[in-house]
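# Tertiary structure, described
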Amino acid sequence: MSLTEEQQRIIKAKDKYMMVIAGAGCGKTFTILKRVEYLINELNVNKESILIISFTNNTVNDIKKKIKDVDVLTFHKLAIKLLGSKVNKLITDYDLKYYLNEYFLHNLTKHQRKYLKYYLDSNDYQYFIKRMISLINIYKANNGNLYQLSLIYLDNIFNKKERYFIKLFYAFLKFYTQELNSFNGYDFNDLIIKASSSKNKLCYQYIIVDEFQDTSLIRLNLLKKLVNDNNASLMVVGDDYQSIYQFSGSNLNIFLDFNHEFNAKTYYLTKTFRNSYELVNVAGLFIMKNRLQIKKSMLSDKHLRKPIIIYYFQDLKNSVNKIITNYDDYMILGRNHEDNLDFNNFYTVHASKGLESEVVIIINNQDSYLGFPNKINNDKIASYLINFNEINYAEERRLFYVALTRSKNEVYLMVKHHEESIFIKELIKDYHDYIVFKEE
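Calculation notes
Residues numbered from 1 in each chain as written. Predicted model: local features only at pLDDT ≥ 70, side-chain atom pairs only at ≥ 80, totals over all residues. Heavy atoms only, no water. Helix = DSSP H or I, 4+ residues; strand = E, 2+ residues; numbered from the N terminus. Rg over C-alpha atoms; globule rule 2.2 N^0.38 Å. Buried < 20%, exposed > 50% of the residue type's maximum accessible area, 1.4 Å probe, protein only. Areas by Shrake-Rupley, 256 points an atom, 1.4 Å probe, with all protein chains shown as cover. Lys, Arg positive; Asp, Glu negative; His and termini not counted. Charge placed at Lys NZ, Arg CZ, Asp CG, Glu CD. Axes fitted to C-alpha atoms, helices over the stretch in contact; angles between N-to-C directions. Left-handed = near helix turned anticlockwise from the far one by under 90°. Contact = heavy atoms within 4.5 Å. Salt bridge = Lys/Arg side-chain N within 4 Å of Asp/Glu carboxyl O. Patch = residues over 30% accessible without salt bridge, like charges linked within 9 Å, V, L, I, M, F, W, Y side chains within 5 Å.

## Focus on the overall build of the protein
Counting secondary structure elements, the protein contains 19 helices and 14 strands. The globule rule puts the C-alpha radius of gyration for 440 residues at 22 Å, and the 23 Å found for the protein is close to it. With respect to the three principal axes, the spread of C-alpha positions in the protein is 60 × 60 × 40 Å. Taking all 440 residues of the protein together, 56% fall into the buried category. Counting only carbon and sulfur atoms, one obtains 48% of the accessible surface of the protein, whose full area is about 20,400 Å². Here the protein carries 59 positive and 50 negative side-chain charges, and the mean point of each set is 5 Å from the other.

## Some details on the packing of helix H5 (residues 93–106) against helix H9 (residues 160–182)
Put simply, H5 and H9 touch, their axes get as near as 11 Å, and they point 115° apart. Crossing of H5 over H9 shows right-handed handedness. Of the residues in H9, those in contact with Leu96, Tyr99, Leu100, Tyr103 and Phe104 of H5 are Leu168, Ala171, Phe172, Phe175, Tyr176 and Glu179.

## Concerning the pattern of salt bridges
The full count for this structure, using the stated rule, is 25 salt bridges. Here lysine 353 and glutamate 211 are joined by a salt bridge, their closest N and O atoms 2.7 Å apart. Of the two residues examined, lysine 353 and glutamate 211, each falls in the buried class. Residue lysine 289 pairs with aspartate 430 through a salt bridge whose shortest N-O separation is 2.5 Å. What makes lysine 289 partly exposed here is its relative accessible area of 33%.

## A word on a nonpolar patch on the surface
Taken together, the side chains of Tyr147, Leu151 and Leu154 present a nonpolar region at the surface, about 360 Å² in accessible area. For tyrosine 147, a relative accessible area of 58% gives the class exposed.

Here it is as structure tokens:
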């Protein structure tokens, strides 16, 4: 794969602090690997002094396959390495669900039962648990405190039902913290918080962070510690269009403010090797309706005049099976795990990040509570904790962008007449010339 001029500039850059804004399918990982090769082979940098950080075990393992003898770690593995001691017990989301169920079933006071009953009149219990776990992650990942929660409760932007939820959240958080402390337990965020204040040091001179758009405040604090301990160089790579992990504590403010925070030089990767120009153009115009995204003009040598196919179906499973008989390489995407109707590594959009396929089929484009956009994802309390207010469905819009840009060629959007989501209606209205309409 030959290098573009943009990639060559990044690979050979001498800046101490660098921010690389990379569009979908623009060879981000390839650029990171070539940067590491340049540091080792041309600048004679010791391999042991280079650290690559990514956000999931899958991305870390993918990078490890392509480069040897350089540390590639998730933030959590980095925290454990820095702490240098075995954590007594690491709490996962599964354990959190267990605690929540046990606590709310057996330990609620009379008043708390009243709050829960009032809140759950129009909310599914499993959604309640899911929301509680998400907010605990957001709260911890952004260095929340109980005083901050009391301010949220007093803010008049929240109605009675939300205030009841805040009271329940406050009560559970205190209980959960006490439980963890009773056996020196940690959750993933605790690991990072503890590592950030550790006196231990790791000797890295060059630090590269992948998927930086998904950074939380406590991860940023850990990065600052590493940089300050060694006066290290820092390069962060990411795409604000693909920031889709607010539910686990990511804060897009950090990505948007990085240049100011570090006085960094900005570089761009704008040539996609995956998508057609037409598809990436539609996706870019669609995402830029979010007012806080960074504008970038994407380029592509591929052309496909009408890359979007809106397919009106009667029976979803039959229609999808009919479509996939025409393709060897395809990906079926849904907004939720529950969208899978036994389709053949089907993916949620979150799980598809970083993947690509010749053709993508997106299901569950209905205008419903759990459709796409998902109406439960506009969480005012989450926005308050992160101190980041966006337009309605901003993160859902980024998710839809991720879904569209997984495809090398066509994207099928499966819809039912008179049940189209607001995103489908928007595409039809604003990008009609790029769409083919099919009917079962």
